[in-house]
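The primary structure of each chain is shown beneath.
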Amino acid sequence: MQALLFILAMCAALSSASADSPRAPAAIAFEQKPGARLPLEARLRDQNDVSLRVSDLFEGKPLILALGYFRCKSFCPVLRADLLETLRRSDLEAGRDYSLAFVSIDPSETPSDAREAKDADIMRWPAPGAERWRFLTSDAASLRALADSVGFRVSFDEKKVRFVHPVGVVFITRDGRVSNYLTGVGYDPIGVRGALARASAEVIAGKQSLINLLCYEYDASTGGYTLAVTRLLRGGAILTIGLLGAMIYRSMRGEVPRA
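Identification of the chain as SCO family protein from Methylocystis heyeri is taken from an unreviewed UniProt entry. Within the UniProt record for the chain, the comment given under Sequence similarities (unreviewed entry) is "Belongs to the SCO1/2 family."

See below:
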């Protein structure tokens, strides 16, 4: 039942994805930059309206960096939910094993937006050390420098008044270099621990294949790109509903085996 609810929630969150998205995959995929250094002097403001530098995010630990925006009603909450649920189920602890930073790419968002998002997320996913997670905002120039450093391409959909961007997280070494990426969603504790281990050991992983980076796919009927994962999740939901329907039908006919 929990899996069904998660699938349905994902489908609901993705329902606004459409062919109005940019027509170039480069606009919606990470431009991978293994080994690239983050702008360590760039200034950010955390959920408590405290000013800090990018270099302050690490605290001697590898950094999990996720870019998105807090007022997003589409995929950003799904990404955070997936990652935070994975961290909750792992044996990892923020401050001991990793640092975590969610950074808004929308310069109009404020520390109060970040605080609201953090409070809600900690309530839903009380992982060990969750109070050390950072939710951050900044000015347009600093956000652009940070996004560019990890190859996070952003465009703005004027028609739908929303940002279009890659989906995934970046793992950063303690000295501020890009170690590796986990793109899309569907994280698991083993994968996250492995990515953190590479970043902790200062391993600079090679680029992933392009197919793993695109969360949108070309739709020949519209000439645009839509979220590939949308079809997967909708297919899963349809399959689940079909199985439930079959079970109900068999139950009405008295064909369900006794336990």
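What follows continues from the structure just given.
(A) Fine view of the overall build of the chain. Across its full length, the chain carries six helices and 11 strands. When each of the 259 residues of the chain is scored for burial, the buried share is 49%. Partitioning the contacts of the chain with sequence separation of at least 6, the portion at a separation of at least 24 is 73%. Here the chain has roughly 12600 Å² of accessible surface; of this, 57% comes from carbon and sulfur atoms.

(B) Inspection of the environment of A205 at higher detail. Note that A205 resides in the loop between α5 (189-200) and β10 (216-219). As for A205 and P34, which are separated by 171 residues in sequence, their C-alpha atoms are 6.5 Å apart.

(C) Fine view of the sheet that holds strand β5 (residues 134-136). Strand order in the open sheet formed by five strands is β5-β4-β3-β8-β9, and the pairing between neighbours is mixed. With partners counted over all chains shown, the strands left at the sheet margins are β5 and β9 (178-183), one partner each. Pairs of neighbouring strands in the sheet enclose a mean axial angle of 20°, with direction left out of account. Running at roughly 165° to β9, α5 makes contact with β3 (63-68), β8 (168-172) and β9 of the sheet.

(D) Representation of the pairing of strand β4 (residues 99-104). Along β4, six of the six residues are buried, which leaves the element largely enclosed by surrounding structure. One ladder, built from six bridges, connects β3 with β4; its direction is parallel. When the sheet's bridge partners are listed, G68 is paired in β4 with S104. Once the chain exits β4 it traverses helix α3 (residues 111-124) before rejoining the sheet at β5, and the crossover so formed is right-handed.

(E) Fine view of the side chain of S99. Its place among the elements puts S99 in strand β4. Excluding residues within four positions of it along the chain, S99 makes contact with L57, F58, E59, K61, P62, L63 and I64.

(F) Representation of the side chain of S149. Relative to the elements of secondary structure, S149 occurs in helix α4 (residues 140-149). Overall, the relative accessible area of 9% leaves S149 in the buried class. A distance of 2.6 Å separates the side chain of S149 from the backbone oxygen of L146, its partner in a polar contact. Beyond its immediate stretch of four places on either side in the chain, S149 contacts K33, A36, R37, L38, P39 and V178.

(G) Representation of the pattern of salt bridges in the model. Enumeration according to the criterion identifies 19 salt bridges in this entry. Among the ionic pairs, R53 bridges to D56, the shortest N-O distance being 3.7 Å. Residue D56 is classed as partly exposed on the basis of its relative accessible area of 30%. Where salt bridges share partners, they join R71, D106, E109 and D113 into one cluster.

(H) Quick peek at α4. Considered for burial, the residues of α4 that qualify are S142, L143, L146, A147 and S149. Take α4 and look down its axis: the buried residues cluster within an arc of 160°, on one side only. Elements that come into contact with the buried residues of α4 comprise β1 (43-45), β3, β4 and β9. Measuring from the backbone nitrogen of A141 back to the side-chain oxygen at the start of α4 gives 3.1 Å, which picks out D139 as the cap. Remark: G151 follows α4 within two positions and exhibits a positive phi of approximately 75°.

(I) Structural view of the environment of I64. Here I64 lies in strand β3. C-alpha of I64 to C-alpha of A101: the two residues are 37 residues apart in sequence and 6.3 Å apart in space. Setting aside chain neighbours within four positions, we find I64 in contact with L83, L87, Y98, S99, L100, A101, V169, V170, F171 and L196.

(J) Region of the structure containing the packing of aromatic side chains. Throughout the structure, instances matching the rule amount to four aromatic pairs. When the centroid spacing of 5.6 Å and the interplanar angle of 65° are considered together, the rings of F30 and F152 count as edge-to-face. With F30 in the loop between α1 (2-14) and β1 and F152 in the loop between α4 and β6 (155-157), this pair connects stretches of sequence that are 122 residues apart. For the pair F102 and F135, a centre-to-centre distance of 4.9 Å together with 55° between the ring planes defines the contact as tilted. Taken as a pair, F102 in strand β4 and F135 in strand β5 lie far apart in primary sequence, 33 residues in all.

Rules used throughout
Residues numbered from 1 in each chain as written. Predicted model: local features only at pLDDT ≥ 70, side-chain atom pairs only at ≥ 80, totals over all residues. Heavy atoms only, no water. UniProt positions renumbered as here; feature names shortened; annotations may be inferred. Helix = DSSP H or I, 4+ residues; strand = E, 2+ residues; numbered from the N terminus. Buried < 20%, exposed > 50% of the residue type's maximum accessible area, 1.4 Å probe, protein only. Contact = heavy atoms within 4.5 Å. Areas by Shrake-Rupley, 256 points an atom, 1.4 Å probe, with all protein chains shown as cover. Pairing = 2+ DSSP bridges. Axes fitted to C-alpha atoms, helices over the stretch in contact; angles between N-to-C directions. Right-handed = clockwise from strand over helix to strand, strands pointing away. Polar contact = N/O pair within 3.5 Å; in protein donor to acceptor, adjacent residues only side chain to side chain. Salt bridge = Lys/Arg side-chain N within 4 Å of Asp/Glu carboxyl O. Arc of directions from axis to C-beta. Phe/Tyr/Trp six-rings, centres within 6.5 Å; stacked < 30°, edge-to-face > 60°.

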